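Tertiary structure, described
Spelled out from the first residue to the last, the chains are:
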Amino acid sequence: MVISKGIPTYEEKLIEELGYDDHFHDHHDGDKFSSNFINTYIFSMDHKMIAKQFLITGMFWAIIGALMSLVFRLQLGFPEADMAWLKPVLGKWITVNAEGIGALSNQFYYALVTMHGTIIVFFVLTAGLSGTFSNLLIPLQLGARDMASPLLNMLSYWFFFLAGVLMFYSLFLSTGPFSGGWTAYPPLSVLPQASEGSGAGMTFWTLSLVFFVVSVLLGGVNYITTVLNLRTKGMSMWRMPLTIWAFFITAIIGLLSFPVLVSGFFLLMFDRTMNTSFFLNEIFVGGEALQQVGGSPILYQHLFWFLGHPEVYIIILPAMGIVSEVLSVHSKKPIFGYKAMVFSMLAIAFLSFIVWAHHMFMSGVNPFISNFFVIFTLIIAVPSAVKVFNWISTLYKGSIKFNSAMLFGIGFVSMFISGGLTGIFLGNSAIDIQLHDTYFVVAHFHIVMGVAAFFGMFAGIYHWFPKLYGRFMNETLGKLHFWGTMIGAYAVFWPMHYIGMAGVPRRYYRFDTFDSFNQFGALNEFITVAAIIVFFLQVVFVVNFFYSIWKGRRLTEANPYNASTLEWTTPIDAGHGNWPGKLPAVQRWPYDYGKDGREFYPQVEPVGEEESEAH
Amino acid sequence: MNSLLGFVLISVLLLIVIVQIARVTELAGIKRGEKETQKLTNKRNANYMMWFLAGFMIFCVVSTLHYKNYFLGYGPHVSASAHGGIIDSMFNTTLVFTGIVFVITHIALFYFAWKYKEEDGVKAEYISHDNKLEIIWTAIPAVVMAILVVFGLSAWNEIMADTEDEFIEIEATGYQFGWHLRYPGADNLLGARDYKMIEGNNPIGQDWTDVKNHDDLHPNEIYLPVGEKVRVRITARDVLHNFYLPHFRVKMDAVPGMPTYFVFTPEITTEEYRELLKEYEEYQVPADPMDPDGPEKWEAFDYELACAELCGKGHFSMKRIVKIVEREEYDAWLAQQQPYYFSSIRNTDSDPFKGQTLASEQVEEAAPAEETENSDVVAMNAAAE
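Residues numbered from 1 in each chain as written. Chains lettered and ligands numbered in written order. Predicted model: local features only at pLDDT ≥ 70, side-chain atom pairs only at ≥ 80, totals over all residues.

With that settled, the discussion passes to the overall build of chain A. Along the backbone of chain A there are 16 helices and four strands. Taken over C-alpha atoms, the radius of gyration comes to 25 Å for chain A, in line with the 25 Å a tight globule of 615 residues would show. Looking at chain A residue by residue over its 615 residues, the buried ones come to 62%. (Helix = DSSP H or I, 4+ residues; strand = E, 2+ residues; numbered from the N terminus. Rg over C-alpha atoms; globule rule 2.2 N^0.38 Å. Buried ≥ 20, exposed ≤ 12 C-beta atoms within 10 Å, placed from the backbone.)

Right, here's the structure in full:
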């Protein structure tokens with residue numbers, strides 16, 4: 001029987017003694033997993049490598065998406081500034097006048113805003129966050145050799161990659177990428193006569209996202225199956241770490257909501273190519289009255305937000321799971337109210353399906369319908385509040401080790417509170433009359449699902465980096481990254497609340513057309529400068545990430561944080577199959593920290609007779 | 001290009017410096033020993049937590065005071081419509097509730113982080129759950145939410161209810177990129193439209209055989225009398241738009257092929273609102289910075305109509321001026337407006353009644369105005385024959 005090199009650790013001895021022998025090494029199928037360069041690094045079926053692929057692809061898209069935001073922030077902060085220096089990169093989208101002053105074209109401004117939203121929501125915070133950590137942690141924390149279907153898992157990544165290629169290609173079209181907002185409301189998204197970006201750009205956008213949904217569904221089926229069927233001996237559902245609960249629930253939400261989005265996209269494609277009129281009615285555009293009548297643009301909004309709202313929970317739930325785990329491990333305390341945390345996630349998941357029309361209070365739907373959506377929307381605040389109180393209580397009487405992961409965990413809670421509370425304003429339809437589609441909304445969702453989800457992702461990356469690469473990330477850079485981003489992100493998004501209260505609408509290329517909206521010049525400059533600084537700090541993170549892969553401090557012990565969960569019982573350089581010998585058998589829940597004076601109990605240690613309160 | 005290169009170069013240099021410093025710090029940490037380093041880090045970052053908390057709270061208070069004039073219902077940012085006051089007070093009620101939660105949770109979060117930093121000889125306590133606490137902090141938010149829902153929905157249903165009282169009807173049609181405004185004219189009725197009839201001299205596709213269209217006005221600005229109920233019929237010609245009057249707390253999507261509406265009552269005239277703004281410093285500066293002797297901001301103030309639903313590359317430019325005036329002034333303005341049909345369509349090739357005498361033209365000389373409508377029907381029958 002092969003055991004890792006050197007002296008076996010305490011956990012390894014326990015696994016050898018009590019573990020479950022699945023005769024892993026009697027099956028000679030290991031060869032197809034990592035025998036050459038191609039099946040190790042490219043078409044890999046190993047969940048750990050696929051996790052890295054998702055992560056690094058996500059980082060690539062995060063940089064693209066963030067750079068786009070800098071360009072349109074420059075436009076908003078310094079509308080009169082000379083942008084000619086961007087001409088080598090943006091080409092014809094910068095028009096230079098007779099005096100040599102370059103200006104960003106408004107068409108491309110809207111394309112940038114649209115692409116920024118699409119890329120960050122789908123490619124970074126869905127694929128990059130859930131894709132990375134579901135893949136990495138589901139098998140490792142459940143004691144599984146790999147995903148239920150490694151092949152589907154590989155396909156999931158490559159469909160995501162294909163989606164990325166199509167989206168990237170669309171950036172270089174002569175008519176530009178799609179520019180009708182990430183929600184792609186028809187008729188704007190259907191009619192190339194109404195917007196240049198609704199031509200080839202929109203075709204690529206829809207195709208890309210259809211492939212993306214294929215990726216999410218393949219991944220989701222796999223995550224659900226793995227959680228239900230491949231938990232190791234003793235790992236009952238109530239012994240799963242909250243990360244796994246979060247990924248499991250996320251996958252279910254995705255599986256139920258993404259197909260609805262695709263159906264909406266297909267109808268949209270029919271309207272675009274076959275002259276159907278699912279979403280079109282009585283339109284006069286480009287000097288011509290269209291033949292299509294009888295459709296409703298609002299139908300699309302229902303289909304879109306039936307995914308679109310669960311989508312924000314698809315983004316935030318994995319971050320919540322990661323933060324729950326990180327806060328518990330580094331404060332050396334069990335997560336407070338484990339079951340309450342699970343039930344609140346289930347409640348959020350259920351409610352996420354019956355609140356979608358709160359995005360549509362002002363869209364012309366019958367105001368009576370909005371009554372239901374207001375009620376359910378504000379009810380979501382209850383399980384969310386429960387989660388916040390539990391996180392805070394987890395810190396209470398803990399023994400907190402401040403490393404970058406923990407800092408981002410605490411930062412996440414702060415962001416989630418700040419952004420979540422403004423949701424209470426927007427969810428109330430009466431207040432939404434004034435705030436809908438203003439900068440208040442921009443501030444709200446950027447803090448609660450943008451920054452907060454990124455913080456969850458950062459917490460996860462810093463925490464599990466040793467598991468991914470066998471090295472630590474540089475802590476000094478990590479702390480600079482955290483404190484800079486924490487202050488910087490608030491500096492960017494907090495002032496937007498004030499701009500929004502004053503009624504300034506979002507998605508405006510410039511504000512000087514309206515006297516009412518043109519009073520925030522200095523504040524917009526401030527936001528832009530803060531955004532540039534925050535971006536620079538993310539570059540610090542990226543440099544730290546790649547530097548640490550090769551040069552970081554080596555991991556010397558398998559379980560560097562003294563954590564209970566199973567992923568730290570594998571060897572440092574775990575190969576395919578994760579555990580070299582037997583599979584661990586689970587004896588207890590994952591949060592026995594600080595019990596009976598002991599720092600932690602590994603999940604593989606049997607509950608002792610004299611131990612207090614077995615779980 | 002040079003400045004781009006320079007900027008990138010400086011960033012890269014700065015990055016190299018930061019990475020080098022970080023490497024040195026890390027090495028120094030190893031030398032000091034892992035435990036000592038962690039202790040130092042814990043102390044430092046725990047202190048930063050408290051500094052951040054203090055700084056954040058001060059920042060919130062100071063920025064709130066600084067931007068207080070943009071808060072709904074406050075100072076120069078009061079609502080100019082009757083229902084807007086309800087929205088503003090809802091906003092402020094919610095602000096009080098969420099403000100309390102925000103402050104308490106943030107203090108707890110950062111204080112606990114500071115207080116329970118890892119220290120020698122202090123062990124974490126094993127506290128796994130407390131069902132009583134869970135029930136309490138489920139119940140309290142639930143009650144608060146229930147209160148907000150009740151107030152919110154009663155406000156919502158009051159605001160969105162259609163009106164049965166007398167009202168002035170106007171129509172706004174969004175197109176790329178502007179608003180087309182229509183008033184019903186003397187008969188108080190908007191004429192029929194068909195989008196297939198839209199052409200150069202018929203921007204919203206009015207059906208000229210419908211005599212109700214003949215007196216419809218196409219003004220460039222929205223003029224409304226103060227204190228009277230208005231029902232805006234909102235529609236769009238090409239893509240989605242949104243009829244947004246920030247000062248009146250009015251917002252509603254304009255959907256092609258599906259008219260929507262919003263009912264509101266303007267309560268402050270443009271003149272009165274200017275007087276109100278006059279009190280505030282930020283409005284006592286020249287409206288045009290290039291022209292220091294020109295009118296000050298409050299003198300130049302006007303209510304504005306904007307678009308609040310992304311509609312293409314000119315989305316940011318869909319502006320119309322809104323003027324709220326006394327009834328007499330409104331009547332005088334109305335009297336000046338020429339019906340579009342008579343100014344632009346009558347006896348052109350687009351006019352179905354070309355060469356005929358309309359009933360309205362006959363009665364204008366003979367009969368009193370009240371009978372106009374009946375006479376129009378006669379004229380229409382005549383035309384049909």
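Having seen the structure, we can now continue with the description.
Of the regular secondary structure elements, chain B holds ten helices and nine strands. For 385 residues, the compact-globule estimate of 2.2 N^0.38 gives 21 Å, and chain B exceeds it by more than 25% at 32 Å. A principal-axis box enclosing the C-alpha atoms of chain B has dimensions of 105 × 65 × 45 Å. Looking at chain B as a whole, 34% of its 385 residues are labelled buried. Within chain B, contacts between residues separated by at least 24 positions form 63% of all contacts whose residues are at least 6 apart in sequence. (Contact = placed C-beta atoms within 7 Å.)

Between chain A and chain B, the contact holds 105 residues from the first and 94 residues from the second. Ranked by the residues each element gives to the side of chain A that touches chain B, the list is headed by helix α11 (residues 367-395) of chain A, at 15 residues. Looking at the side of chain A that touches chain B residue by residue, the classes come out as 64 nonpolar, 28 polar and 13 charged. (Nonpolar A, V, L, I, M, F, W, Y, C, P; charged D, E, K, R; others polar.)

Another point: the sheet that holds strand β6 (residues 250-254) of chain B. Strand pairs in the sheet, formed through backbone hydrogen bonds, run parallel or antiparallel to each other. Residues and elements named next belong to chain B. Within the open sheet, the five strands sit side by side as β3-β9-β8-β5-β6. Their pairing is mixed. Edge positions in the open sheet fall to β3 (222-225) and β6, since each of these has one partner strand only. Averaged over all neighbouring strand pairs, the angle between strand axes comes to 20 degrees, with direction disregarded. (Pairing = 2+ DSSP bridges. Axes fitted to C-alpha atoms, helices over the stretch in contact; angles between N-to-C directions.)

In this section: the sheet that holds strand β4 (residues 230-236) of chain B. Residues and elements named next belong to chain B. An order of β2-β1-β4-β7 is seen for the four strands of this open sheet, with the pairing classed as mixed. Either end of the sheet is taken by a strand with one partner, and the two such strands are β2 (178-182) and β7 (260-264). Averaged over all adjacent pairs, the angle separating strand axes in this sheet is 25 degrees, with direction ignored. Both β4 and β7 contribute to a ladder of five bridges, which runs antiparallel.

It is a general feature of regular strands that their side chains alternate between the two faces of the sheet. Residues and elements named next belong to chain B. Counted residue by residue, strand β5 (residues 241-245) has five buried out of five residues, so it is predominantly covered. Here β5 pairs with β6 via five bridges, running antiparallel. Bridge pairing links H241 to A254 in β6. Count of turn residues in the β5/β6 antiparallel hairpin: four residues, of which R249 carries a positive phi of about 55 degrees. Here two bridges tie β5 to strand β8 (residues 303-307), and the two strands are oriented antiparallel to one another. Residue pairing for β8: Y244 is matched across the bridge by A306.

Bringing the environment of T570(A) into the picture now. All names here are of chain A. Tracing the backbone shows T570 in the segment after α16 (521-551). For T570, a count of 24 C-beta atoms within 10 Å gives the class buried. Counting along the chain gives 85 residues from T570 to T485, while the straight-line C-alpha distance between them is 33 Å. The contact partners of T570, leaving out residues within four places of it in the chain, are L140, N578 and W579.

All names here are of chain A. Interhelical geometry of helix α7 (residues 200-229) versus helix α8 (residues 242-273) gives an angle of 150 degrees and a closest axis separation of 8 Å. With respect to α8, the element α7 is oriented roughly antiparallel. Here the hand of the crossing between α7 and α8 comes out left-handed. (Parallel < 35°, antiparallel > 145°, perpendicular 65-115°, else oblique. Left-handed = near helix turned anticlockwise from the far one by under 90°.)

To continue, consider the confidence of the model for chain B. Confidence in the prediction of chain B, expressed as mean pLDDT, is 89, and 94% of residues score 70 or more. Under the prediction, the complex receives an ipTM of 0.94, its pTM being 0.94. (pLDDT = per-residue confidence, 0-100.)

A word on the packing of helix α5 (residues 106-142) of chain A against helix α9 (residues 297-331) of chain A. Residue and element names in this part refer to chain A. Between α5 and α9, whose axes approach to 10 Å, the crossing angle comes to 40 degrees. Judged on the interaxial angle alone, α9 and α5 are oblique. In this structure, α5 meets α9 at a crossing whose hand is left-handed. For the pair formed by α5 and α9, the contact residues are V121, L125, T126, L129, S130, F133 and S134 on the first element and E311, I314, I315, P318, A319 and I322 on the second.

Let's shift gears to helix α5 (residues 270-278) of chain B. All names here are of chain B. When we look at burial in α5, the residues that qualify are T270, Y273 and L277. Take α5 and look down its axis: the buried residues cluster within an arc of 60 degrees, on one side only. Turning to α5, the residues buried within the fold contact α6 (297-300), β8 and β9 (320-325). (Arc of directions from axis to C-beta.)

All names here are of chain A. If you look at the biggest cluster of nonpolar residues, it comprises 293 residues, and the most contacted ones within it are A319, V323, F412, V413, A452, A453 and A459. Per-element accounting of this core gives the leading share, 22 residues, to α5. With near-sequence residues (within four places) excluded, V323 lies in contact with W391, G409, F412, V413, G456 and A459. (Core = buried A, V, L, I, M, F, W, Y, C linked by C-beta atoms within 7 Å.)

Moving on, we come to the environment of I107(B). All names here are of chain B. You can see I107 is positioned in helix α3 (residues 84-115). Using a count of 13 C-beta atoms within 10 Å as the deciding quantity, one classes I107 as partly exposed. Measuring from C-alpha to C-alpha, the distance between I107 and Q337 comes to 61 Å, with 230 residues separating the pair along the chain.

Looking now at unusual backbone geometry. Leaving glycine out, the prevailing phi sign among residues is negative, and the prevailing peptide bond configuration is trans. The amide bond that connects P186(A) to the next residue, P187(A), takes the cis arrangement and shows omega of 0 degrees. By the secondary structure assignment, P187(A) is in the loop between α6 (150-170) and α7. In this model, Q176(B) is joined to F177(B) through a cis peptide bond whose omega is -5 degrees. Tracing the backbone through its elements, the reader meets F177(B) in the loop between β1 (168-175) and β2.

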